[in-house]
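What follows is each chain in one-letter form.
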Amino acid sequence: MSSKYNTWYHPYKTDTKYKKRAAYFSMEFGIHQALKIYSGGLGYLAGSHMISAMELKQNMIGIGMLWKYGYYDQGRNTDQTLQTSFIEKHYNFLEDSGIEVEVKIHDNPSVKVRAYVLKPEVFGSVPIYLLTTDVPGNDHLSKTITDHLYDNNTLTRISQNIVLGIGGAKVVQELGGADVYHLNEGHALPAFYYLRNIGITKNQMFFTTHTPEKAGNMERNGHLLNSCGFFGKTLTDEELQKEVVNDDMLNYTVAALRMAKRTNAVSKLHAVVANNMWNSFKGTSKIIPITNSQNQHFWQDSILAKAWKGLNAKAFKKRKLELKSQLFDVVLDQTGKLFDPNILTIVWARRFAQYKRADLLLYDLERFEKLVSSVNYPVQIIWAGKPYPTDYYSIDMFNHLVKYTKFKPNMAVLIGYEMELSRKLKKGSDVWLNTPRITREASGTSGMTAAMNGSINLTINDGWIPEFAVNGVNSFVLPEADYRSPAWEQDKFDSDNLYNTLEKRVLPTFYEDPKKWQEMVFKGIDGVVPAFTSRRMADEYYNVLYK
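Let me begin by describing the structure that accompanies this report. (Residues numbered from 1 in each chain as written. Predicted model: local features only at pLDDT ≥ 70, side-chain atom pairs only at ≥ 80, totals over all residues. Heavy atoms only, no water.)

**Let's talk about the overall build of the protein**
What counts is decided by this rule: For helices the rule is a DSSP run of H or I covering at least 4 residues; for strands it is a run of E covering at least 2, with both sets numbered from the N terminus onward. In this treatment the radius of gyration is a C-alpha quantity, and the globule benchmark scales as 2.2 Å times the residue count to the 0.38 power. Should any heavy atoms of two residues lie within 4.5 Å, those residues are considered in contact. Surface accessibility in these figures is a Shrake-Rupley result with a 1.4 Å probe; residues are shielded only by whichever protein chains are displayed.
For the protein, the helix and strand inventory stands at 20 helices and 19 strands. For 547 residues, the compact-globule estimate of 2.2 N^0.38 gives 24 Å, and the C-alpha radius of gyration of the protein, at 23 Å, lies within 12% of that figure. Taking the principal axes of its C-alpha atoms as reference, the protein extends roughly 70 × 50 × 45 Å. For the protein, the share of sequence-separated contacts (at least 6 apart) that also reach a separation of at least 24 residues comes to 73%. Of the roughly 21200 Å² of accessible surface on the protein, 51% is carried by carbon and sulfur atoms.

Laid out in structure tokens, this is it:
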């Protein structure tokens, strides 16, 4: 039986405001806990975007990858330290679209790429086409290209770029083509080269840059990319020299900025940082801000939302205690520790990366231990997050926290940090702790969904925070360190201010002025909804980026 989805199709009448056909390419999509094709923030953002695009009846589709083993499954070794497992996944709710295209990778001229579709009725998103090379007719090496999200092997990663970019663009052509080709980060960059080769102009190409981290802006040797088929054809040395920036290196971000009609950064502050980073390269598109956001319907607890709308503090508190109890069931199950819903609970949960500083609270151990053993102002702390499986610094940090907290009754480190646990943490926390080194966080969307659920942001003033936070009114914002100072100096400055803020403002407010705390909670939700919901963001992509 042939699929309706072998052509451009939506099961709804698209809104005329959003009639342009838009194809959105992303390496990961966080749509649902069960569809494990995401690693973290980039995927959550793309997933919220696809759900809101459906809610707004936009004429959009997603193009992604069907990862056979996902990112990784986070488990524990015998001593509770981090274990990474790669377990094969199967999804019988995906439909074979019937579309199969071929791409040239290295010396193989015909690697088969098959497109499966996640239909809108399954998880409430626009149609998302997920590409796999694990199909009959491919040799073993080709079949393994779509095994692992963010594979550590250079040639595999380049092959993944080609499958998502050129394979994805060919799938869109099979569907009848699009008016807009939008790359979420540079992973699908080969799409722009392929489209240019077939005569599609930059007026149809758009790009979102996500990271001010150098490591997040991929650079590869241009000759290597050329030999792999990255450009959709073999470039002459002269053609290649136009693409590379320095020492024959192709910077994915610079290349995308040059080929896109318009580019967006993911917060107002990030737009300033990104323009400064890239404006010395000739021919790059201007970078405008469209601040990242999250889907309210997916992330916000409906009972909390109702209590907030009615300004019903009593109902809100009652529900918050229930949600804390649900989270603490997970803590009990994983760590054997009984947490108390009446005690202030701080959560640090996001990708474990060095610059995000999961261990900032432990900078001055003497002061920290005094803080967490207070009788008057008791506190509970939960950490959760996935380091990259080969980021040994971050894995060491995770394991250090596991060992440090093992016998501490009011501290826990959780595993299995995926969408479902993320939701529980946001709904069950009182304080959402955000501690990146300043200027390093492009957006940081987890604080948005935490605020939607009445968790107050205790945060560095970076990413989206300057657009939202009113210190002492809807959040607690730490004074700004000098980002040019040495890292240890910034860590000392920020940790001192973190302890001061907890001791003098956060804990006293929670325990001694619950009315003021509840006001801050409601003002936090007021500040996030609707300004930081992905309906606003999805609308801006059409009306600001694609215009």
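**Examining the packing of aromatic side chains**
The test is simple: Stacked, edge-to-face and tilted are the three classes for Phe, Tyr and Trp ring pairs, Trp counted by its six-membered ring, which pair at centre distances within 6.5 Å; planes under 30 degrees apart are stacked, over 60 edge-to-face, the rest tilted. Working definition: with a 1.4 Å probe on protein chains only, accessible area under 20% of the residue-type maximum means buried, over 50% means exposed, and in between means partly exposed. Only lysine NZ and arginine CZ atoms are considered, and such an atom sits over a ring when it is within 6 Å of the ring centre and within 35 degrees of the ring normal.
Tallied over the full model, the rule gives 33 aromatic pairs. Arranged with centres 5.4 Å apart and planes meeting at 55°, the rings of phenylalanine 206 and tyrosine 546 form a pair that is tilted. Of the two residues, phenylalanine 206 is situated in strand S9 (residues 205-208) and tyrosine 546 in the segment after helix H20 (534-545); the sequence distance between them amounts to 340 residues. Tyrosine 546 matches phenylalanine 206 in its accessibility class, with the two residues each being buried. Among the aromatic residues, ring-to-ring pairing joins Tyr18, Phe206, Tyr541, Tyr542 and Tyr546 into one connected group. We note lysine 408 situated over the ring of tyrosine 404; from NZ or CZ to the ring centre the distance is 4.3 Å. Directly above the ring of phenylalanine 298 sits arginine 423, whose terminal nitrogen or CZ lies 4.2 Å from the centroid.

**Side note on the sheet that holds strand S19 (residues 475-477)**
What links the strands of a sheet is backbone hydrogen bonding, and the strands pair in either a parallel or an antiparallel sense. What counts, and what does not: Strand pairing is defined by DSSP finding a minimum of two bridges between the two strands. Inter-axis angles, ranging from 0 to 180 degrees, are taken between N-to-C directions of lines fitted to C-alpha atoms, where helices are fitted over the stretch in contact.
Read from one edge to the other, the open sheet built from six strands follows the order S16-S15-S14-S17-S18-S19, with strand pairing classed as parallel. Edge positions in the sheet fall to strand S16 (411-414) and S19, since each of these pairs with one other strand and no more. Averaged over all pairs of adjacent strands, the angle between strand axes in this sheet comes to 20°, irrespective of strand direction. Across three bridges, the pairing between strand S18 (residues 456-459) and S19 is parallel. Paired with asparagine 457 across the strands is serine 475, a residue of S19. Where helix H14 (residues 392-405) meets the sheet, its contacts fall on strand S15 (379-384) and S16, and the angle it forms with S16 comes to roughly 145°. Strands in contact with helix H15 (residues 419-428) are strand S14 (344-349), S15, S16 and strand S17 (431-434); relative to S15, the strand with the most contacts, it is inclined by about 160°.

**So, the pairing of S18**
Let me state the cut-off plainly: Look down the strands so they point away from you; if going from the first strand over the helix to the second traces a clockwise path, that crossover is right-handed.
With burial as the criterion, each face of S18 is covered, one bearing Ile456 and Leu458 and the other bearing Asn457 and Thr459. Sheet analysis places S17 next to S18, joined by four bridges and oriented parallel. The partner of leucine 433 across the bridge, within S18, is leucine 458. In this fold, S17 hands off to helix H16 (residues 446-452), which returns the chain to S18; that crossover is right-handed.

**Things to note about the side chain of lysine 426**
Which entries qualify depends on this criterion: For the purpose of counting charges, residues Lys and Arg are taken to be positive, whereas Asp and Glu are taken to be negative. His and the chain ends are not included. The rule for a salt bridge is simple: a side-chain nitrogen of Lys or Arg has to be within 4 Å of a carboxyl oxygen of Asp or Glu. In protein, a polar contact requires one atom able to donate a hydrogen and another able to accept it; more generally it is a pair of N or O atoms within 3.5 Å, and residues adjacent in sequence count only if both atoms are side-chain atoms.
As for its position among the elements, lysine 426 is in helix H15. Despite being buried, lysine 426 has no salt bridge partner; glutamate 420 is the closest side chain of opposite charge, sitting 11 Å away. A polar atom in the side chain of lysine 426 sits 2.9 Å from the side chain of serine 422. There is a polar contact of 3.2 Å between the side chain of lysine 426 and the side chain of threonine 449. Aside from chain neighbours lying at most four places away, what touches lysine 426 is Tyr44, Trp299, Lys320, Trp432, Ser446, Thr449, Ala450, Asn453 and Ser455.

**Regarding the packing of helix H4 (residues 154-174) against helix H5 (residues 190-197)**
Angle between the axes and distance between the axes: these two values describe a pair of packed helices. Put simply, the test is: Orientation labels follow simple angle bins: below 35 degrees gives roughly parallel, above 145 gives roughly antiparallel, 65 to 115 gives roughly perpendicular, and whatever is left gives oblique. Here a crossing is called left-handed whenever its near helix is offset anticlockwise from the far helix by less than a right angle, and right-handed whenever the offset is clockwise. Note on residue categories: nonpolar means Ala, Val, Leu, Ile, Met, Phe, Trp, Tyr, Cys or Pro, charged means Asp, Glu, Lys or Arg, and polar means any other residue, Gly included.
Interaxial distance between H4 and H5 falls to 7 Å at its minimum, and their mutual angle equals 45°. By the angle between their directions, the pair H4 and H5 is classed as oblique. Seen from above, H4 lies across H5 with right-handed handedness. Taking contact as the criterion, the partners of Asn161, Ile162, Gly165, Ile166, Ala169, Lys170 and Gln173 in H4 are, on H5, Pro190, Ala191, Tyr194 and Leu195. Here the contact of H4 with H5 is composed, by residue class, of seven nonpolar, three polar and one charged.

**Quick notes on the pattern of salt bridges**
What the rule picks out here adds up to 26 salt bridges. Across the salt bridge formed by lysine 36 and glutamate 418, the nearest N and O atoms sit 2.7 Å from each other. Linking lysine 36 in the loop between strand S1 (22-26) and helix H1 (41-55) with glutamate 418 in the loop between S16 and H15, this pair joins segments that are 382 residues apart in sequence. By the burial criterion, lysine 36 is buried, and glutamate 418 matches it.

**Some remarks on the sheet that holds S1**
Strand order in this open sheet of nine strands is S5-S6-S7-S2-S1-S8-S9-S12-S13, and the pairing throughout is mixed. Because the sheet does not close on itself, it has two edges, and the strands there are strand S5 (95-105) and strand S13 (287-289). Across the sheet, the mean angle separating the axes of adjacent strands is 25° when strand polarity is ignored. The sheet contact formed by strand S2 (residues 60-65) and strand S7 (residues 128-132) spans four bridges and is parallel. Note that in S7 the partner of glycine 62 across the bridge is isoleucine 128. Where H4 meets the sheet, its contacts fall on S1, S2, S5, strand S6 (108-118), S7 and strand S8 (180-184), and the angle it forms with S5 comes to roughly 125°.

**Details of the pairing of S1**
With respect to burial, S1 is a largely interior element, five of its five residues being buried. Of the two faces of S1, the one holding Ala22, Tyr24 and Ser26 and the one holding Ala23 and Phe25 are both buried throughout. Alignment of S1 against S8, held across five bridges, turns out to be parallel. The partner of tyrosine 24 across the bridge, within S8, is histidine 182. Bridge analysis of S1 against S2 gives four bridges, and the strand direction is parallel. Among the inter-strand pairings, alanine 22 is bridged to a residue of S2, identified as methionine 60. Once the chain exits S1 it traverses H1 before rejoining the sheet at S2, and the crossover so formed is right-handed.

**Focus: a positive patch on the surface**
We count it as follows: Patch membership is restricted to residues that have no salt bridge and whose relative accessible area is over 30%. Joining uses 9 Å for like charges and 5 Å for the nonpolar side chains Val, Leu, Ile, Met, Phe, Trp and Tyr. To locate a charge, take NZ of a lysine, CZ of an arginine, CG of an aspartate or CD of a glutamate.
There is a patch of like positive charges on the surface, built from Lys19, Lys20, Lys261 and Lys547. Topologically, lysine 19 is positioned in the segment before S1.

**A word on the side chain of glutamine 380**
Note on placement: glutamine 380 falls in strand S15. For glutamine 380, a relative accessible area of 3% translates into the label buried. Separated by 2.9 Å, the side chains of glutamine 380 and threonine 345 make a polar contact. In contact with glutamine 380, other than residues within four places in its own chain, are Phe328, Phe339, Asp340, Ile343, Leu344, Thr345, Ile346 and Asn410.

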